[in-house]
There are 4 protein chains.
Amino acid sequence: MCGVFGVYNSKTPAEDTFYGLYSIQHRGQEAAGVVVAGYDEMKNKTVFRQHKGMGLVAEVFKNPGIFNKLPGHAAIGHNRYSTTGASKSSSNIQPFSHTYRSGNLAIAHNGNLTNSRQLRKELTEQGVIFQASSDTEIIPHLAARSREKEPVHQIYQALRQVQGAFSLVILANDQLIAARDPHGVRPLALGKTINPETGEPVFYIASETCAFDILSVEYVRDIEPGEILMIDKQAVKTGKPVSLFLPPSQRKARCIFEYVYFARPDSIVFNHPVDKIRRNLGKNLARESKVESTKEEQQIVISVPDSSNTAALGFVRESNKICRPARFEHGLIRNHYVGRTFIQPGKEDREIKVRSKYNIIRGVLHDRQIVVIDDSIVRGTTAKMLIKLIREAEPKKIHLHISSAPITNPCFYGMDFPTKGQLLTYMFSDAKDNEEEIEKIRDYIGVDSLKYLSLQGMLNSAPRFDNEIQSYCTACFTGDYPISIKDACCKKEEYDCEE
Amino acid sequence: MCGVFGVYNSKTPAEDTFYGLYSIQHRGQEAAGVVVAGYDEMKNKTVFRQHKGMGLVAEVFKNPGIFNKLPGHAAIGHNRYSTTGASKSSSNIQPFSHTYRSGNLAIAHNGNLTNSRQLRKELTEQGVIFQASSDTEIIPHLAARSREKEPVHQIYQALRQVQGAFSLVILANDQLIAARDPHGVRPLALGKTINPETGEPVFYIASETCAFDILSVEYVRDIEPGEILMIDKQAVKTGKPVSLFLPPSQRKARCIFEYVYFARPDSIVFNHPVDKIRRNLGKNLARESKVESTKEEQQIVISVPDSSNTAALGFVRESNKICRPARFEHGLIRNHYVGRTFIQPGKEDREIKVRSKYNIIRGVLHDRQIVVIDDSIVRGTTAKMLIKLIREAEPKKIHLHISSAPITNPCFYGMDFPTKGQLLTYMFSDAKDNEEEIEKIRDYIGVDSLKYLSLQGMLNSAPRFDNEIQSYCTACFTGDYPISIKDACCKKEEYDCEE
Amino acid sequence: MCGVFGVYNSKTPAEDTFYGLYSIQHRGQEAAGVVVAGYDEMKNKTVFRQHKGMGLVAEVFKNPGIFNKLPGHAAIGHNRYSTTGASKSSSNIQPFSHTYRSGNLAIAHNGNLTNSRQLRKELTEQGVIFQASSDTEIIPHLAARSREKEPVHQIYQALRQVQGAFSLVILANDQLIAARDPHGVRPLALGKTINPETGEPVFYIASETCAFDILSVEYVRDIEPGEILMIDKQAVKTGKPVSLFLPPSQRKARCIFEYVYFARPDSIVFNHPVDKIRRNLGKNLARESKVESTKEEQQIVISVPDSSNTAALGFVRESNKICRPARFEHGLIRNHYVGRTFIQPGKEDREIKVRSKYNIIRGVLHDRQIVVIDDSIVRGTTAKMLIKLIREAEPKKIHLHISSAPITNPCFYGMDFPTKGQLLTYMFSDAKDNEEEIEKIRDYIGVDSLKYLSLQGMLNSAPRFDNEIQSYCTACFTGDYPISIKDACCKKEEYDCEE
Amino acid sequence: MCGVFGVYNSKTPAEDTFYGLYSIQHRGQEAAGVVVAGYDEMKNKTVFRQHKGMGLVAEVFKNPGIFNKLPGHAAIGHNRYSTTGASKSSSNIQPFSHTYRSGNLAIAHNGNLTNSRQLRKELTEQGVIFQASSDTEIIPHLAARSREKEPVHQIYQALRQVQGAFSLVILANDQLIAARDPHGVRPLALGKTINPETGEPVFYIASETCAFDILSVEYVRDIEPGEILMIDKQAVKTGKPVSLFLPPSQRKARCIFEYVYFARPDSIVFNHPVDKIRRNLGKNLARESKVESTKEEQQIVISVPDSSNTAALGFVRESNKICRPARFEHGLIRNHYVGRTFIQPGKEDREIKVRSKYNIIRGVLHDRQIVVIDDSIVRGTTAKMLIKLIREAEPKKIHLHISSAPITNPCFYGMDFPTKGQLLTYMFSDAKDNEEEIEKIRDYIGVDSLKYLSLQGMLNSAPRFDNEIQSYCTACFTGDYPISIKDACCKKEEYDCEE
């Protein structure tokens, strides 16, 4: 996963990008970068300046003087999330910046291309050299090889050739271009504010709308699936950016996991507030739940903070509505200082990691019937440790409820899931049926009961979009991949240049 | 405020201290340090080794090799919280370590001495020189000047001379000493675990019990007000540390603000779970509240996360019990990545700070009657900005409820409150009565109603201790200072050596 | 200027490269990098790993663990010297590393291409994108577009198209390739040692042979002008690398400034010891000198340490031989700690810079007739300050003797000279003749007499090569550029992507 | 060894101290610090501000903003040289700064106290606590315990009690005090300049006068042995600082090793130019030398750069005078980039260290009779490696001449010599006489002949001072310690608090 941000016609594009990236930090903690387009009076033309680094946004930009060195009117930025080998290289930090026949081109990408191997092969056969191991680098190469004159048309032609998931922000000389793949896998939103001094519009692009809120920017609309939006001086004058559309796909493939876990609850994603959908997931989970509850011994519902807070509230409300008394409580405390600088000297086991992140409130849990709401289980190791921790408070029973279905397949569209073999479900794939599999997982994790939300329950929770054959990608739950993964390369280790 | 930690008879005292300090990071984010006592085979005696630095615990100890350089059997550690001038000096980072006639002595202090000026004057007149501007340095000087032979008795004599608030951990050669002032202002707890290999006890001391939880250490009891607890090889053998007691004070002065805001909710403080007391504060606030509510238009109760979460839950539960329908919601989202590395380039106003830390969930707040629960108001600037932010969701009404009384006086016992003139209440101190003052504050902050919990409501929420004339210090709410502040010096600027 | 290094068939290629780069640090202090080729057992093929950074070699590699992360059998490295705008970008640190159709390709370059603008234009028109503003990047692009299959032939074809000065080390998968332009502008040498364990040869390539000495490597010979040397497994077996030759140029253009100033005196450059040539420069300068000297009042000859030490010794020896009594003395002391981390707080004038680097020995200089030997004058500001400093010792007279001719033109082949307008000679270009110009410079610098070595004197000092029309480039002294500079771009500011 | 610096009545005391410390960097590379006395308008009094750190001066002060944070009118600074265990602690970085009954007191010390153990014992028995393991800390304690009112008298009383070597700079509130022990072991000089704006004198104190040269400050005179010089506002008015004198010692003990090796040749030390004395050492060495030399086969004399350069020149000149033909040559090149950041990855042997620092010039050495001049031999390992390196040039013969006598005893007065057992001479202390010892050392180092300058030759080289029983300390050559070392503690490991 990654986060992207763009801004056009601001007096402080680098600062804006800093705040934007800061608010979507959850989409990528490994590295961050910004490229700014600014007019250089000495050279009498627009130049690109950049700053990038490994670490959190606030670390990369901790030197306060950095913004003075990045003047301009437009910028793009990127947060990288990745832990696989090759990506550790600093040459893979986005945005990537290039000069080519039409001038300067910088690009930042959220998603994953599924035909990058094939395209890379074709391009190298034509004599192209690659600096980084990222699939993103293919796009500027394709654009540069287009016969078109206008960068936006070059980009259009490039994007017609790539398959997969992409939400892009691009600086092409003094234009800002945003693009989203025709399946609409990853979110991308347009925002706007008015510069009070000039009366001119300032345009913003972001993976999530919480990046607009921090800057008091108004959310206008989503970049539509297949849309290429071009913002330039003309757009500032008219207030209207220009759109091109890639050939449409009737089948959409919005990542439902954005609603389940990934996006911040205060964002609008795919035109709908994440908070509301996440609450629906909790409600539907309550309806499907079978845990008994009486007035005398009502359920104590706790969330794994903070990602499951909203689902837990939805669960409690619905439970009470259907006369299954439930009470929301804070039974787990999340340490505020958990971050990437954290180390585990000596004690390398997972237990200290969980204890460093969470602590229990015994008074809330002791001798009670507990329903723990979590959003998903990937490897299962954290869940197992967390349950062990909760057990120390000696609750009567622990019921683990997951506000999504079991994850059974890796993601090839940009979510950093492990390989199939590392997923918890794989461990129990020899179960004779679903029921037995769940029972085995329950036993492994060590809870009194385990309930996953059904796939239908998930889909019912998410917004409906008219005139679409299907609206969501559920591949990680079903193995039904909406975009061909024949050529897909989920492992980046295939490229060899590391740092 | 500060956090202290100590450990005795561990194989990994530096690591243990790292985790302990990490879990009480909220008590001080400016600097951290550890001193380890270890036997040096070459020198054939116990030596002290230390590591200290500015910044968060995880930053100070980010070099993973550091723990190998700090072998030993006992350690003490300290988190410093402070933003006033002189304290920025690295020579003020605790623990302070000294050699003196009885060997080595290291000390870490949470609290504030109120007769430090007088003592410092007396000592300097006797020819004492001071390295740091901290009042803590007085204690080892007094100990070194005692005629006693045993460090614990030297410490005893030193502590008889100081007044004020102190929770101390001290390494004296190969002994660990913990001490708490007779008024019991700051918390200090004793923990224990059994080394599975040797069967011997390992002893722990910490400001809060959450530092025990991260290490799977069992909470034994509080260090009592006036107690000096000495842990040495003998204590390992018998399992029983030895206690001395300073002359008792009938009047106790536990800091009630630890319950209101400062301590973590998962800690046990003053023998009682913070979570429970904080919930009581919410309950009593609900009882005192006058906001109307009906089934049709019930209150939406939101907390300022995470410090007011527990009070908000208590408030909701009690409201519903007394037939004033209320619903707990997550209306504010707290950014996980807020930390001390954060910068505010260019935009130095407070608004971006608040926006960087919090965001609203419009769907929860819009067109609703909102009760915002916050734990306290100090300067009022953050509260004002936060309300402005909530207003953007266009709620029907905003009722601000504070789970403590108005803060009207500075703290001289270790809480880093601003001077009287900087407190919000000071701005309106010309109000003709209480009612008018509250009305003016309400107007300033911009809410539809404002309710503080009464002092009595606070005291009713906190645990009762038998046979005490008074159990709590409420000076910041009342100006009634339980320990004389005639000689007190809340400003450290008086000492001149800065770095 | 820059320094390059390569090694093949070593057990410790990264360490070897570190020491090699360390010993040619004087060729570039701004940035350093290494790329290592190593066999990856997991991937079952050769992969490239790299480490680069701004600063001195010892700073870039200060983390001692870095070498464990760079295993392999071959490596190339680069020291960058540059202070112009665009080059400050970390994306310009060499070696550059790429993947392309034939695998991996990394390149490090000393020199400057003179037709890079034209080639860059042609390439971008074909759709090529550039990451960095360096002209070096052109070479891998040309190689990748060649129809040849073998990397060494691709490189051959690429180098046929470029003009200018280049001494290159290239890693192509598991081969090491070294190449030098047909004019032979920059030096490049081949070294060899025998691994005592395996009996196999280990091959080394370096800009200067002092990089061999630090590693106890034997100097074999120079890479010849126009030679492309390919070292692979076969070369290890046979002990003989294979050579290709670019179309030869009868006119050679070895940079005579390497002898005058740039190379280390303990290096062999262009097949001859620098020390010897530099001594010749001093001798010829003595012959041309007109300073009177008697036994009673002999000349005191001092050098500007350390670059002029050898010329000064040659000067003294020859002077005495031709009965002009002279005595070598250390009259100026060079501060050992001068380095790039140096700052000039407040006092930004050049005087403190000179005083920080040099100090005088009054006893040596006072009341004496001093001949100061310096190797060259570029801007003249340092010389002026240095003379001012020497004046403080109140010598009788100061005669400044320069062991090269006046610099009148910029270098387009890799030496970081300022533009014409910044050269000292430009200030006096309106002089009616040579004599007047020298007189004006003498007056400006403030010496009693000023003597430059004649161009012929320089050429007589340098080694002769048979069958060459001309052997040296003297363009900076004469304006006679041996390689066309019509298209040359000495300014890198034309490319726009900065960091 | 260490370097100290002080300045009074400057507008830029911190910058001045930076430059001063920078120029005496050779006296200590491990750590550096400055304390500035400045008037604080807000506090209406003089305050001390400090900046200290591990590393070279240019590293410690690399942040250019640091000087703005250190305003004032006076400052003292210190360079620390030390590699023994305890000193690595950052709590040992000088100047030490304290508050005490008379205000602020900061101190920087070059030398070593020989009765520090006894004094430390007495002080701790009186209840004094020590922060650092440095003997310097004793002085402020003694001063603070004096009954005197004026800091300068307190210092006087303190210094009457200490024995050993001390050159001190002290800031006492707004006074600058310089002091030198009665034996005059370490140098200390007074400098002066006139502020052109105010016409007032600015006073400077430094270990060596090269610190004056960098600032264009005029050397006035040495601080005399036993002198305590006090500079305050009155001294600015009158132009005359006031002096007190400790009880005099007829026997002086100037460290002759300052002349042999330690001081910079461009400094005036003990009232005489180091360069001249070092040249005398070379001359006397030539007179004592027995190496034959003819016109046909004259000696090639090379120095180990840069420390032996001057002695080598003196040697050559005298040799020629006494008709033993000799020629000075640069046969060894010293790498400019040698510094403390240097690492030896993998190859930990001493050989790579020597190769990293020096390289040979084969053309100078090959087939010649070489006389290598070095200033001293301590452990002998470097000399042995260096000779091995020179052998690679295949000289006919190597004669090693040392411009000092054999070092046979450790220094207790501040020179960082190893213990007796680590000195090269110790290895051969079983030799039956001097001659055999020298022969064994010659064999060990691997030269054709070895010659040390005689003790008398050394003393004849150094300046004579009238009316002194003895003028120099030669303890390291003779074991005759001029100041009692009964109680001396050359090992700092006795104090236990490390960092």
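Residues numbered from 1 in each chain as written. Chains lettered and ligands numbered in written order. Predicted model: local features only at pLDDT ≥ 70, side-chain atom pairs only at ≥ 80, totals over all residues. Heavy atoms only, no water.

**Brief notes about the sheet that holds strand E8 (residues 175–180) of chain C**
Residue and element names in this part refer to chain C. Our working definition: Whether two strands pair depends on DSSP finding at least two bridges between them. Counting from the N terminus, the helices are DSSP H or I runs at least four residues long and the strands are E runs at least two residues long. Helix axes are fitted to C-alpha atoms over the stretch in contact, other axes to C-alpha atoms as well, and angles between N-to-C directions run from 0 to 180 degrees. Residues are treated as being in contact if the distance between any of their heavy atoms lies within 4.5 Å.
Read from one edge of the open sheet, six strands run E5-E6-E7-E8-E12-E13, paired in antiparallel fashion. Looking at the sheet topology across the chains shown, the edges are occupied by strand E5 (96–100) and strand E13 (242–245). The average undirected angle you get between the axes of adjacent strands in this sheet is 20°. Inspection of the sheet shows E8 paired to strand E12 (residues 227–231) by four bridges, in the antiparallel sense. By the bridge assignment for E12, Ala179 is matched with Ile228. Sheet strands in contact with helix H4 (residues 138–145) are E5, strand E6 (103–113) and strand E7 (164–172), and its direction is about 135° off that of E6.

**Comments concerning the packing of aromatic side chains**
Condition: The aromatic pairing rule takes the rings of Phe, Tyr and Trp, using the six-membered ring of Trp, and pairs them if the centres are within 6.5 Å, calling planes under 30 degrees apart stacked, those over 60 edge-to-face and the rest tilted. The cut-offs for exposure are 20% and 50% of the maximum accessible area for each residue type, with area from a 1.4 Å probe on protein chains only; residues under the lower value are buried, those over the upper are exposed, and the others partly exposed. Placement of a charge over a ring requires the Lys NZ or Arg CZ to be within 6 Å of the ring centre, with the centre-to-atom vector within 35 degrees of the ring normal.
Following the criterion strictly, the structure yields 62 aromatic pairs over all chains and no others. Pairing Tyr259 of chain B with Phe270 of chain B gives two aromatic rings, centres 5.7 Å apart and planes at 90°, and the pair type is edge-to-face. Taken together, the positions of Tyr259 of chain B in helix H8 (residues 256–262) and Phe270 of chain B in the loop between strand E15 (268–269) and strand E16 (272–273) put the pair eleven residues apart, joining distant regions of the chain. Classification of Tyr259 of chain B by relative accessible area gives buried; the value is 1%. Ring plane angle 65° and centroid distance 5.9 Å describe the contact between Phe18 of chain C and Phe61 of chain C, whose orientation is recorded as edge-to-face. Taken together, the positions of Phe18 of chain C in helix H1 (residues 13–23) and Phe61 of chain C in the loop between helix H2 (57–60) and strand E4 (74–80) put the pair 43 residues apart, joining distant regions of the chain. Classification of Phe18 of chain C as buried rests on a relative accessible area of 1%. Phe61 of chain C sits in the buried class, given a relative accessible area of 1%. Here a set of aromatic residues connected by ring pairs shows up, and it is made of Phe18, Tyr19, Tyr22, Phe61 and Phe67 of chain A. Residue placement shows Lys384 of chain A over the ring face of Tyr444 of chain A; its charged tip is 4.3 Å from the ring centre.

**Notes on the interface of chain A and chain C**
We apply this condition: Buried area: the accessible surface (1.4 Å probe) lost by two parts on joining, summed over both. One speaks of a salt bridge when a side-chain nitrogen belonging to Lys or Arg is within 4 Å of a carboxyl oxygen belonging to Asp or Glu. All amino acids are sorted into three groups, where Ala, Val, Leu, Ile, Met, Phe, Trp, Tyr, Cys and Pro are nonpolar, Asp, Glu, Lys and Arg are charged, and the leftover types, Gly among them, are polar.
Contacts between chain A and chain C engage 35 residues on the former and 35 residues on the latter. Summing both partners gives a buried area of about 3,100 Å² for chain A against chain C, and 46% of it is carried by carbon and sulfur. Inspection of the chain A/chain C interface yields zero salt bridges. Among the secondary structure elements, those contributing two or more residues to the side of chain A that touches chain C are strand E3 (45–54), strand E5 (96–100), helix H3 (116–125), helix H4 (138–145) and strand E25 (497–498) of chain A. The greatest single-element share of the side of chain A that touches chain C, amounting to seven residues, is contributed by E3 of chain A. Residues belonging to the side of chain A that touches chain C are distributed by class as follows: ten nonpolar, eleven polar and 14 charged.

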